[in-house]
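Chain residues, written in single-letter form:
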Amino acid sequence: MERIIKSMENKYLLPSLELVQEVFSEWDSLEEGKIVRQLVEEIRAKKYYIPELELVMVDENDEIIGYAMFSRFHIEGKYENELLILTPVAVKTRLQRQHISKDILEYGFDVAKRLGFKAILVEGNPSNYNNRGFQPSYKFGIEAGPNIRLPHPDCLMIKELDKGVLDKMSGLVDYSFYETLHEG
């Protein structure tokens, strides 16, 4: 099967939303699928969006089989030009465990580094990200703010794209500028 990774193009905007919603609905719930889809739409509409870092993997029929979005992120108003957040990542359910997300993430790391970003934050299952070079962010003084409920502190992770950059970053992570993630 041929697999090509591309930055977002207009023809993939809607199919990528459908993939994200489908994968998160199957994995978690219909409600979660809708929330993650809304988050992608919200990020696309904000200044944090970077089209070159909204990535799709397509097969030989030009159908999306994998997706990942890296967008600008700040901690307490700092690091906006250095820090990215990786969310969401989705792979067609029937094709999971075939290195699709691994390949998309590695491609994304290269693009991010080329664009001058220094680090990437992600919230998720550590077993999915540790082998990609992510480490618990609290080890670097970057911690979940009071409104973020993690199943475990290790679920908020960060990866350096430039060695030593995390020595200069710290603070509380807050998602309050995402309306989709506001609770209540």
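The structure contained in this document is the topic of the report that follows. The structure displayed is predicted, hence computed values, not measured ones. (Residues numbered from 1 in each chain as written. Predicted model: local features only at pLDDT ≥ 70, side-chain atom pairs only at ≥ 80, totals over all residues. Heavy atoms only, no water.)

**Quick word on the sheet that holds strand β5 (residues 119-123)**
- Pairing in this open sheet of 7 strands is mixed, and the strands run β1-β2-β3-β4-β5-β8-β6 from one edge to the other. Each end of this open sheet is capped by a strand with a single partner; those strands are β1 (4-7) and β6 (135-136).
- Alignment of strand β4 (residues 83-91) against β5, held across 3 bridges, turns out to be parallel. Residue pairing for β5: L84 is matched across the bridge by I120.
- Helix α2 (residues 30-45) contacts β2 (54-58), β3 (64-72) and β4 of the sheet and is inclined by roughly 50° relative to β3. (Pairing = 2+ DSSP bridges. Helix = DSSP H or I, 4+ residues; strand = E, 2+ residues; numbered from the N terminus. Contact = heavy atoms within 4.5 Å. Axes fitted to C-alpha atoms, helices over the stretch in contact; angles between N-to-C directions.)

**Observations regarding helix α3 (residues 100-114)**
- Under the 1.5 Å per step criterion, the end-to-end length of α3 is 21 Å for 15 residues, consistent within 8% with the ideal 21 Å.
- Listed as buried for α3 are I100, I104, L105, G108, F109, V111 and A112.
- In the stretch just after α3, G116 is the one whose phi turns positive, near 95°. (Expected span 1.5 Å × (residues − 1). Buried < 20%, exposed > 50% of the residue type's maximum accessible area, 1.4 Å probe, protein only.)

Without other data, these values stay purely geometric and don't point to any function.
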